[in-house]
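Analysis of the macromolecular model
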Amino acid sequence: HGTVGSWWEGEGAVDTAMSAASAEEPIGSKAHLQAVWTSFYEQTQAKALHPKHRLSIRPWTASHFERLPHVARRRQEVQAQQRARREIDSFVAFIHKVRALHGSEVRAWRRDVG
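This report concerns the structure included in the present document.

Conventions we followed
- Residues numbered from 1 in each chain as written.
- Predicted model: local features only at pLDDT ≥ 70, side-chain atom pairs only at ≥ 80, totals over all residues.
- Heavy atoms only, no water.
- Helix = DSSP H or I, 4+ residues; strand = E, 2+ residues; numbered from the N terminus.
- Buried < 20%, exposed > 50% of the residue type's maximum accessible area, 1.4 Å probe, protein only.
- Contact = heavy atoms within 4.5 Å.
- Areas by Shrake-Rupley, 256 points an atom, 1.4 Å probe, with all protein chains shown as cover.
- Salt bridge = Lys/Arg side-chain N within 4 Å of Asp/Glu carboxyl O.
- Core = buried A, V, L, I, M, F, W, Y, C linked by side-chain atoms within 4.5 Å.
- Axes fitted to C-alpha atoms, helices over the stretch in contact; angles between N-to-C directions.
- Parallel < 35°, antiparallel > 145°, perpendicular 65-115°, else oblique.
- Nonpolar A, V, L, I, M, F, W, Y, C, P; charged D, E, K, R; others polar.
- Patch = residues over 30% accessible without salt bridge, like charges linked within 9 Å, V, L, I, M, F, W, Y side chains within 5 Å.
- Expected span 1.5 Å × (residues − 1).

Counting secondary structure elements, the chain contains five helices and zero strands. For the chain, the residues scored as buried account for 23% of the 114 residues in total. Nonlocal contacts in the chain, meaning residues at least 24 apart in sequence, comprise 36% of its contacts between residues at least 6 apart. Of the roughly 8700 Å² that the chain leaves accessible, carbon and sulfur atoms contribute 58%.

The structure is reproduced here in structure tokens:
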């Protein structure tokens, strides 16, 4: 069957993860292992497998992957982007409401604040 990673639908996910991580850190170091597991987790998530698929990440191991520094940082970045998008949407909805009620922001300010 070829390489160690050939079991993963012919794409060599483990080999790819190992080669990507080996260029950055010495083999066996904590950073190297984190890079390997992060790469493996990202590749597995990119497949979008059903949770019950035999190659999907198991629920009892998912928390270990999600605590990896790179994975946690990406999750925080996504949450920050979503939060910023909600803030923008809320502000736009507020401005639309003010304009519908008062015609313009300046007129609303003068009527209600002044």
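What follows continues from the structure just given.
What follows is about the pattern of salt bridges. Following the criterion strictly, the structure yields two salt bridges and no others. The salt bridge partner of Asp89 is Arg85, with a shortest N-O separation of 3.2 Å. Highlighted residues: Asp89 and Arg85, both in helix α4 (residues 69-102), separated by four residues, approximately one helical turn. Here Arg99 and Glu105 are joined by a salt bridge, their closest N and O atoms 2.7 Å apart.

Our focus in this paragraph is the nonpolar core. The biggest cluster of nonpolar side chains holds seven residues, and these are Phe40, Tyr41, Ile57, Ala62, Phe65, Leu68 and Val71. At the level of secondary structure, the elements contributing two or more residues to this core comprise α2 (30-47) and α3 (59-66). Here Tyr41 is in contact with Ile57, Phe65, Glu66 and Val71, once residues within four sequence places are set aside.

At a minimum axis separation of 8 Å, α2 and α4 run at an interaxial angle of 50°. Relative to α4, α2 is oriented oblique. Together, Gln34, Thr38, Tyr41 and Glu42 of α2 and Pro69, His70, Val71 and Arg74 of α4 make up the contact between the two elements. Classifying every residue of the contact of α2 with α4 by side-chain character gives three nonpolar, three polar and two charged.

What follows covers a nonpolar patch on the surface. On the surface, Ile88, Phe91, Val92 and Phe94 cluster together to form a nonpolar patch covering roughly 410 Å² of accessible area. With respect to the helices and strands, the residue Val92 is situated in helix α4.

Closest axis-to-axis distance for the α4/helix α5 (residues 105-112) pair is 8 Å, and the angle between their directions is 70°. By the criterion of interaxial angle, the relationship of α4 to α5 is roughly perpendicular. Between α4, through Ile95, Val98, Arg99, Leu101 and His102, and α5, the contact on the second element is made entirely by Glu105, Arg107, Ala108, Arg111 and Asp112. Across the contact of α4 with α5, the residue classes break down as four nonpolar, one polar and five charged.

Taking 1.5 Å per residue as the helical rise, α2 with its 18 residues ought to reach 26 Å, and the 26 Å between its terminal C-alpha atoms agrees with that figure. Those residues of α2 that sit buried are His32, Ala35, Val36, Thr38, Ser39, Phe40, Tyr41 and Thr44. Of the residues one or two after α2, Ala48 is the one with positive phi, at around 55°.

Nothing here speaks to function; it is geometry throughout.
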